[in-house]
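Notes for the structure review
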Amino acid sequence: TMQSSGHRFRDVEHHPLLADNESYDSSSSSSSSSEADMAERVWFIRDGCGMVCAIMTWLLVVYADFVVTFVMLLPSKDFWYSVINGVLFNCLAVLALSSHLRTMLTDPGAVPKGNATKEYMDNLQLKPGEVIYKCPKCCSIKPERAHHCSICKRCIRKMDHHCPWVNNCVGEKNQRFFVLFTMYIALISAHALVLCGFQFFSCVRGQWTECSDFSPPVTVILMIFLCLEGFLFLTFTAVMFGTQIHSICNDETEIERLKSEKPTWERRLRWEGMKSVFGGQPSLLWINPFAGFRIRRLLLRGKKGGPEFSV
């Protein structure tokens, strides 16, 4: 604990004046422009394990798409069966990978580093002796419900958990994309399992003649691996999707649930919680990972720092 301008810092959680939707706001124009500049950059965590897991996710989806398209659908004699299932599976795959990218490259709600300064304290206009809380690891004043991530090396607003499969934290600003990612992966996994079932039945009935352009042993091996992948991904993502929806409807993050933290905030329950995460009234935009995407965020604006960089 240290004294500064009649106010006290504590290395704990939050201060009521720092609401979830607020961000560090300095009176100086340089700080304001810096924050505006940060908002336009793409977030990326340079974590070796996370990058490997993210690449594996893409490779597994590409593998599933290869088996479904070239082993099952293209050799099929039923034209419309191939077209309908091919278009549906590939659309779901694109939506899943797009959701993955948005989750990975979106700032999850990082609190600016090093904002626990005298200037910032003066801008808060706190009463003498009033206690605020800071993070001793990244020297930032922690908003309510923010937690420090040891991998991102930042405090994250409404941090739910750090997911290596998306190489990022799941927090206030990217939870929607993570929910869409789990939903679309679960859907393509279920679709792949159904197609595998039909394909096995068709191959056995036809005694493996003209069943696929590949030899029967290769076809069997490819489909067995796809079934295992589909079953594991479906189980994992379906459970994660249900957990995320439950947390959103109860306005409680996974960290808060595990720590059994008593809410000091006014909870948004059920639809209010869903609308706060997905934005606005229920619509097709809720399931669109491209909503709010701006091409200019992909323009290089090279500036790196900490464990993440932005472009």
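Every chain begins its residue count from 1, and numbering advances along the sequence as written. Totals for whole chains, interfaces and linings use every residue, but because this is a predicted model, local features are given only for residues with pLDDT of at least 70 and side-chain atom pairs only at 80 or more, for both listing and counting. The side-chain values count all of the structure's non-hydrogen atoms but skip hydrogen atoms and water molecules.

A look at the overall build of the protein
On a plain count of helices and strands, the protein comes out with 8 helices and 11 strands. Classification of residues uses two cut-offs on accessible area relative to the type maximum, computed with a 1.4 Å probe and protein chains only: under 20% is buried, over 50% is exposed, and between them is partly exposed. Residue burial in the protein is summarised as follows: out of 311 residues, 45% are buried. All accessibility values rest on the Shrake-Rupley procedure with a 1.4 Å probe; residue burial counts only the protein chains present in the view. When the accessible area of the protein is evaluated, it comes to approximately 16,300 Å², of which 65% is carbon and sulfur surface. Strands here mean DSSP runs of E at least two residues long; helices mean DSSP runs of H or I at least four residues long; both are numbered from the N terminus.

Observations regarding the nonpolar core
Counting residues in each nonpolar core, the largest one holds 36 residues, and the members touching the most others are Val-68, Met-72, Phe-178, Ile-185, Leu-226 and Phe-278. Listed by contribution, the elements that provide at least two residues to this core are α2 (48-73), α3 (79-104), α5 (175-205), α6 (216-249) and α8 (271-278). Considering each element in turn, this core owes the most residues, 11 residues, to α5. Excluding residues within four positions of it along the chain, Phe-278 makes contact with Arg-176, Val-179, Leu-180, Ile-248 and Trp-286. Each nonpolar core is a collection of buried residues, namely Ala, Val, Leu, Ile, Met, Phe, Trp, Tyr and Cys, held together in the definition by side-chain atoms within 4.5 Å. Contact definition: two residues touch when any of their heavy atoms are within 4.5 Å.

Comments concerning the packing of α5 against α6
Following both chains from N to C, one finds α5 and α6 inclined at 145°, their axes separated by 7 Å at the closest point. At the point where α5 passes α6, the crossing takes the left-handed sense. Ten residues, namely Ala, Val, Leu, Ile, Met, Phe, Trp, Tyr, Cys and Pro, are considered nonpolar, four, namely Asp, Glu, Lys and Arg, are considered charged, and the remaining ones, Gly among them, are considered polar. Its residues placed into classes, the contact of α5 with α6 shows 22 nonpolar, 7 polar and no charged. Helix axes use the C-alpha atoms of the stretch in contact, all axes being lines fitted to C-alpha atoms, and the angles between their N-to-C directions lie in the range 0 to 180 degrees. For a crossing to be left-handed, the near helix must be turned anticlockwise from the far one by less than a right angle; the clockwise case is right-handed.

Some thoughts on a nonpolar patch on the surface
Distance thresholds for patches are 9 Å for like charges and 5 Å for nonpolar side chains (Val, Leu, Ile, Met, Phe, Trp, Tyr), applied to residues having over 30% relative accessible area and no salt bridge. Salt bridges are defined by distance alone: a side-chain nitrogen of Lys or Arg within 4 Å of a carboxyl oxygen of Asp or Glu. Taken together, the side chains of Phe-66, Phe-70, Leu-74, Phe-214 and Val-218 make up a nonpolar region of the molecular surface, amounting to roughly 430 Å² of accessible area. Position of Phe-66 relative to the elements: it lies in helix α2. Residue class for Phe-66 comes out partly exposed when judged on its relative accessible area of 33%.

Concerning the confidence of the model for the protein
pLDDT is a residue-level measure of predictor confidence that goes from 0 to 100. Per-chain confidence: the protein averages 80 in pLDDT, with 77% of residues scoring 70 or above. Averaged pLDDT values for the elements of the protein fall to 38 in strand β1 (residues 2-4) and rise to 96 in α3. Below pLDDT 50 for its whole length, residues 300-311 participates in 37 contacts with residues either more than four positions away or in separate chains.

Here's the deal with the pattern of salt bridges
Enumeration according to the criterion identifies 5 salt bridges in this entry. For the salt bridge of Arg-145 with Glu-256, the shortest nitrogen-to-oxygen distance reads 2.8 Å. Taken together, the residues span a long stretch of sequence, with Arg-145 in the loop between β5 (140-141) and β6 (147-149) and Glu-256 in helix α7 (residues 254-258) at a distance of 111 residues. Here Arg-145 matches Glu-256 in class, with each residue buried. Lys-158 is the salt-bridge partner of Asp-251, the closest N and O atoms lying 3.7 Å from each other. With Asp-251 in the loop between α6 and α7 and Lys-158 in the loop between β7 (154-156) and β8 (161-163), this pair connects stretches of sequence that are 93 residues apart. For Asp-251, a relative accessible area of 5% translates into the label buried. One network of salt bridges, in which partners are shared, links Arg-145, Lys-158, Asp-251 and Glu-256.

Structural notes on α5
The end-to-end C-alpha distance of α5, which contains 31 residues, comes to 45 Å, matching closely the 45 Å that a straight helix rising 1.5 Å per residue would cover. Positive phi shows up at Gln-207, right after α5, with a value of about 55°. Between the first and last residue of a helix there are one fewer steps than residues, each counted as 1.5 Å, and that sum is the expected span.

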